[in-house]
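Structure at a glance
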Amino acid sequence: MAKNKLSFVCIDCGDNFSKWQGQCDTCGAWNTLQEFKEPVQTRNTKSHSNQKGYSGAKELVQKLSDVCLEELPRFGTKNTEFDRVLGGGIVPGSVILLAGTPGAGKSTLTLQTLCELSQSIQSIYLSGEESLSQIAMRAARLKLPTQHLDIAAETDVLAVLNMVSQLKSKLVVIDSLQSMYHPDVTGTPGGVTQLRECAHALTQYAKQNGVAMIVICHTTKDGGVAGPRVVEHIADVMMHLLVMEGSRFRELRAQKNRFGSINELGILAMMPDNGYLKAVTDPSAIFLNRSRQPHPGSMVAALWEGSRSMLVELQSLVVESSQGNPRRLAVGLDQNRVNMLVAILMRHGDLAIFDQELYVNLVGGLKISDPSTDLPLILSMISSFQNRAIPQDWLAFGEVGLSGEIRATPSGLERIRQAAQQGFCHCICPKANIPKTLPEGIKVYGVETLVEAIDALDHIA
Ligand code: TYD
Ligand code: MG
């Protein structure tokens, strides 16, 4: 009997080694090598290459310009936010990894999508985690149309592919990759050997048969897919569903997308009554609280996420510190960038806050790394330090450079337009971002330096 070949695989980069070692030579990670038994290869590679023949290779190669262009026929998911992050819908034959923490709503989102699409596309939901009655109860709670959706509780990946093939399904959900096993290889489900083989089998089938697969994955503490990195490499789209801290909102972001931008942010709201995940088409409405009184330390920022503008509230609290080394804490924003802005403010804004504690917060639980939040954040720090409230119809955007210059940001006009639509009347922004024709009802203060931006606040009535 042929023996399985033993090798060691790095669960971080997926590279193979013949011997175990403490550190991976390829990516440098420690203690990431795990035993892996290669399945016996029945195919004779030598005769395979001979069969095709090197003489026929020329026929397989063509000039790039001769390749006929095919517009990828996508199908929408009936959820605008899911479509936005996918890059305009699902591409047939693509493999989409949907990762997220437990309870984020991965099973809910995929079940909703499949029930709604199964009326027009042959779809199957394969669960290795929940029983059929649990899934049926969830569908009933979410009031989903269930008559056309095929479901099965199966964990053997070959049996899964057999079902998909017999039912001629065009859209498949695997819940989850960690619960699947390949009968030809050893190892427990969720282990490196099993994950790698299951992912390969699913991807190969998807590509060869033009079947779209949404594969649910568990995440590790640092947010990556639990398993070998190679799983992330073979997928076409890799996205994360994140719970926004302390809220019922969910953030959907792509980390990799072969068919679209990775800058898009999708926002979903979990309905409190039944857990249905609803697309939030106007996120500004959930991040701004326009009803309350203005208070010191608060300023609205106009962000640009992927292809839309979003208004969010930034808050700062500057308080005198009794310690020699005052605390600085950022929630939802990059801590290092906040430290840098404090230094810029002290040097170019002439504001001595070195002996003050500083807390900054992006309201709503969102996490953002857009540098155009620099200017509104600095202005909110000044507002808190001087205990002077900025009125609610003011907002700002712009990147702040190390020499105190205010740098232009992309899509200035769209940000200003969105602000005007939301009823804002005053906008402080980089001078280079002032549009030729201004939207009605908004006054724009174009600034080139931090000093000019601080002076613009003098226009507050
Ligand atoms: P689920 O799709 O099971 O998460 P995942 O597959 O990512 O682990 O989502 C479960 C969520 O649904 C959980 O956050 C709680 C919520 N929920 C409701 O809002 N209402 C309910 O009645 C139930 C049972 C769950
Ligand atoms: Mg689940």
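Note that the coordinates shown come from a computational prediction; the quantities given were computed from them, not determined experimentally.

The secondary structure content of the chain amounts to 13 helices and 21 strands. With respect to the three principal axes, the spread of C-alpha positions in the chain is 85 × 55 × 50 Å. Here the chain holds 461 residues, and 48% of them are scored as buried. The contacts of the chain with a sequence gap of at least 6 include a subset with a gap of at least 24, amounting to 65%. Surface accessibility of the chain: about 22400 Å² in total, with carbon and sulfur atoms responsible for 51%. One finds the centroid of the 43 positive side-chain charges in the chain at a distance of 5 Å from the centroid of its 46 negative side-chain charges.

Taken together, 14 residues sit near ligand 1, with Gly 103, Gly 105, Lys 106, Ser 107 and Thr 108 positioned nearest. In the environment of ligand 1, an oxygen atom lies 2.9 Å from a nitrogen or oxygen atom belonging to the backbone of Gly 105. For ligand 1, an oxygen atom lies 3.4 Å from a polar atom in the side chain of Arg 141. Protein coverage of the free-state accessible area of ligand 1, which is 560 Å², stands at 65%. Sorting the residues of the shell around ligand 1 by element identifies helix H4 (106–117) and helix H5 (132–141) as the ones contributing at least two each. Counting residues per element, the shell around ligand 1 draws most heavily on H4, which supplies three residues. Among the residues making up the shell around ligand 1, the classes are represented as three nonpolar, seven polar and four charged.

With that out of the way, let us pick up the pattern of salt bridges. Per the stated rule, a full pass over the model turns up 12 salt bridges. As a salt-bridge pair, Arg 84 and Glu 81 come within 3.5 Å of each other at their nearest N and O atoms. Of the two residues, Arg 84 and Glu 81 are both situated in helix H3 (residues 80–86); the distance of three residues between them amounts to about one turn of the helix. Between Glu 245 and Lys 367 there is a salt bridge whose closest N-O contact spans 3.4 Å. Remark: Lys 367 occurs in the loop between strand S16 (356–362) and helix H11 (374–385) and Glu 245 occurs in the loop between strand S9 (237–243) and strand S10 (249–257); sequence separation between them is 122 residues.

Counted according to the given criterion, the structure contains one aromatic pair. Seen from their ring centres, Trp 394 and Tyr 445 are 5.2 Å apart, and the 5 degrees between their planes marks the pair as stacked. With Trp 394 in strand S17 (residues 394–396) and Tyr 445 in strand S21 (residues 443–447), this residue pair connects regions lying 51 residues apart in the sequence. Each member of the pair, Trp 394 as well as Tyr 445, carries the same accessibility label: buried.

So, on to the sheet that holds strand S8 (residues 212–218). With mixed pairing, nine strands are arranged side by side in an open sheet as S6-S5-S7-S8-S4-S9-S10-S11-S12. Among the strands making up the open sheet, the edge pair consists of strand S6 (150–153) and strand S12 (277–279). Averaged over neighbouring strand pairs, the angle between their axes works out to 25 degrees when direction is ignored. On the sheet, H4 packs against strand S4 (95–100), strand S5 (123–127), strand S7 (171–175), S8, S9, S10, strand S11 (265–270) and S12 and is oriented at approximately 155 degrees with respect to S5. Contacts from H5 reach S5 and S6 within the one sheet, and its direction differs from that of S6 by about 140 degrees.

Turning our eyes to something else, we now look at the pairing of S5. The buried fraction of S5 amounts to five of the five residues, a majority that puts the element mostly inside the structure. Both faces of S5 are covered, namely the face carrying Ser 123, Tyr 125 and Ser 127 and the face carrying Ile 124 and Leu 126. Of the pairings in the sheet, the one linking S5 to S7 comprises five bridges and is parallel in character. Residue Ser 123 lies in a different strand from S7, and its bridge partner there is Leu 171. Where S5 and S6 come together, four bridges link them in parallel fashion. Across the sheet, the residue bridging to Ile 124 is Asp 150, located in S6. Crossover handedness for the path S5 to H5 to S6: right-handed.

Before going further, it helps to examine the pairing of S9. Most of S9 is tucked away, with five of its seven residues classed as buried. Bridging between S4 and S9 involves five bridges; their strand directions are parallel. The residue of S9 that forms the bridge with Gly 100 is Leu 241. In this sheet, S10 lies alongside S9 in antiparallel orientation, the contact comprising seven bridges. What sits directly across from Val 237, in S10, is Asn 257.

With that settled, the discussion passes to a negative patch on the surface. On the surface, Glu 448, Glu 452, Asp 455 and Asp 458 cluster together to form a negatively charged patch. For Glu 448, the position within the fold is in the loop between S21 and helix H13 (450–456). Residue classification places Glu 448 among the partly exposed residues on the basis of a relative accessible area of 44%.

For the chain, the domain assignment lists domain 1 (1–41), domain 2 (80–281) and domain 3 (285–458). In this complex, domain 2 contributes 15 residues to the contact, which on the side of domain 3 involves 12 residues. Summing the contributions of domain 2 and of domain 3, the shared interface buries around 1100 Å²; its carbon and sulfur component is 49%. The interface formed by domain 2 and domain 3 holds seven residue pairs in polar contact (both at pLDDT 80 or more) in total. When residues of the side of domain 2 that touches domain 3 are traced back to their parent elements, those giving at least two are H3, S10 and S11. In terms of residue class, the side of domain 2 that touches domain 3 is built from five nonpolar, four polar and six charged.

The rules behind the values
- Residues numbered from 1 in each chain as written.
- Chains lettered and ligands numbered in written order.
- Predicted model: local features only at pLDDT ≥ 70, side-chain atom pairs only at ≥ 80, totals over all residues.
- Heavy atoms only, no water.
- Helix = DSSP H or I, 4+ residues; strand = E, 2+ residues; numbered from the N terminus.
- Buried < 20%, exposed > 50% of the residue type's maximum accessible area, 1.4 Å probe, protein only.
- Contact = heavy atoms within 4.5 Å.
- Areas by Shrake-Rupley, 256 points an atom, 1.4 Å probe, with all protein chains shown as cover.
- Lys, Arg positive; Asp, Glu negative; His and termini not counted.
- Charge placed at Lys NZ, Arg CZ, Asp CG, Glu CD.
- Near = heavy atom within 4 Å.
- Polar contact = N/O pair within 3.5 Å; in protein donor to acceptor, adjacent residues only side chain to side chain.
- Nonpolar A, V, L, I, M, F, W, Y, C, P; charged D, E, K, R; others polar.
- Salt bridge = Lys/Arg side-chain N within 4 Å of Asp/Glu carboxyl O.
- Phe/Tyr/Trp six-rings, centres within 6.5 Å; stacked < 30°, edge-to-face > 60°.
- Pairing = 2+ DSSP bridges.
- Axes fitted to C-alpha atoms, helices over the stretch in contact; angles between N-to-C directions.
- Right-handed = clockwise from strand over helix to strand, strands pointing away.
- Patch = residues over 30% accessible without salt bridge, like charges linked within 9 Å, V, L, I, M, F, W, Y side chains within 5 Å.
- Domains from an automatic or database assignment.
- Buried area = accessible area lost by both parts, 1.4 Å probe.

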